[in-house]
Structure formats: structure tokens, C-alpha cells
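Below, each chain spelled out in residue letters.
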Amino acid sequence: MRSSSEQMTMELHAIVHYELSANRVTLCAKCERAGSHHRGFADVENRVIHLDRGYATRSTVLRALHEIGHVVTYKPGMKRWEREQASQRWAVETMRKYHLPVPREAQRRARIYIARMARWGRNIAAGRGKAAAEATAAAYAAREDEGA
Ligand SMILES: [Zn+2]
Ligand SMILES: [Zn+2]
């Protein structure tokens, strides 16, 4: 008999793998950018997501689905914050499809991150001070390491 937590871990893995194959997305095995695998990124052109393996918790599943979402929702011409919003939405909808509760803290962080990115985009579009844009960019980079 498996414990219920082992059973749950298996189900979470199965969901990520099902969504990868259903959307014709592959998971990077090993690459020269493996140092960035902990925060994850998507190569939409090649339909590859780069991410640490292991989806034992709902937040790691959400993160994996977010990267798959980048590939699925990508349209040329979207602004960066629009891409983040679209992929996060897709990830949340996919979690709901499986009746998996969406971790609140991860959702909250994603909302803040997207809002800040949208503000940054608007500031740049409005041609506001380069220094202000750079300061915001630095704040993002720090934020991204926490994963969003
Ligand atoms: Zn990789
Ligand atoms: Zn993203």
C-alpha cells in the first residue's frame, strides 16, 4: 500500500506529464542554462520548458504549468507582462480543471509580479526616466529569483 502522500505526489507528476504531452511541450533534460532551471523559463519557439524536475507540491506544479502556459498562450507581439498574465491564467485554469486548489501565496506573488511588470512597461512606454526604469528592472530581477 502506498501512503496517501505518495499517491498525491504521483498524481501531481502525472498531471504535469500529461499536460506536457497534450500540448506537445518537452522538458529540457540538460542544457548550458541549467543554472536558471531553479526559477524556470520557457523556450516558446522550440516548445521546451527549462525547469528543475520534481513536482511534489502544488506550488511546483503551478510553476511547471506556468512555464507550459508560456508555450500554449504565446502570441507574437504580446508584451512581457501580458505573456506572464496569460501563462499564469492558463496555469490556474489547468489546476482548477484537475480540482487542485491553487496555492494562495503563489497566486498573490504572481499578481504582484505581473502588476509591477505592467507598471514598468507603461513607464518605459511613457518615456519616463531611464534611472527609474533601471531601478524597477533590478527589483524584478530580485523578484524573479523568488520565482514568478
Ligand atoms: Zn535547460
Ligand atoms: Zn513566466
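Residues numbered from 1 in each chain as written. Chains lettered and ligands numbered in written order. Predicted model: local features only at pLDDT ≥ 70, side-chain atom pairs only at ≥ 80, totals over all residues.

Thoughts on the overall build of the protein chain
Test applied: Runs of E in the DSSP output that reach at least two residues are strands. Runs of H or I that reach at least four are helices, and both are numbered from the N terminus. Placing a C-beta atom from the backbone of each residue, one calls two residues in contact when those atoms lie within 7 Å.
A count of helices and strands for the protein chain gives 5 helices and 3 strands. When the helices and strands of the protein chain are listed from N to C terminus, the series reads α-β-β-β-α-α-α-α. Restricting to contacts in the protein chain with at least 6 residues of sequence separation, those with at least 24 account for 54%.

Brief notes about the packing of helix α3 (residues 80–97) against helix α4 (residues 104–125)
Selection criterion: Axis lines are fitted through C-alpha atoms, for helices just across the contact stretch, and the angle between N-to-C directions can take any value from 0 to 180 degrees. If an angle is under 35 degrees, it is roughly parallel; if it is over 145, roughly antiparallel; if it lies from 65 to 115, roughly perpendicular; otherwise it is oblique. By definition, turning the near helix anticlockwise from the far helix through less than a right angle yields a left-handed crossing, and turning it clockwise yields a right-handed one.
One can describe the packing of α3 onto α4 by two numbers: an axis separation of 8 Å at closest approach and a directional angle of 160 degrees. On the basis of the axis angle, α3 is roughly antiparallel to α4. Between α3 and α4 lies a crossing whose hand is left-handed. Here Arg80, Trp81, Glu84, Gln85 and Gln88 of α3 lie close against α4, whose contacting residues are Ala110, Tyr113, Ile114, Met117, Ala118 and Gly121.

A look at the environment of alanine 91
Within the fold, alanine 91 resides in helix α3. Residues alanine 91 and histidine 66 lie 25 residues apart in sequence; the distance between their C-alpha atoms is 4.9 Å. Setting aside its immediate chain neighbours within four residues, alanine 91 contacts Leu62, Leu65, His66 and Gly69.

Quick word on unusual backbone geometry
Peptide bonds are trans in most cases, and residues, glycine excluded, mostly fall at negative phi. Phi at arginine 24 is positive, roughly 55 degrees, even though this residue is not glycine. Relative to the helices and strands, arginine 24 resides in the loop between α1 (4–22) and β1 (26–27). One non-glycine residue, histidine 99, lies in the positive phi region at around 60 degrees. Structurally, histidine 99 is set in the loop between α3 and α4.

Details of the confidence of the model for the protein chain
Operational definition: Values of pLDDT, the confidence the predictor places in each residue, fall between 0 and 100.
On average, residues of the protein chain score 86 in pLDDT, and 84% of them reach the 70 mark or higher. Per-element mean pLDDT across the protein chain ranges from 64 in helix α5 (residues 130–145) up to 96 in strand β3 (residues 48–50).

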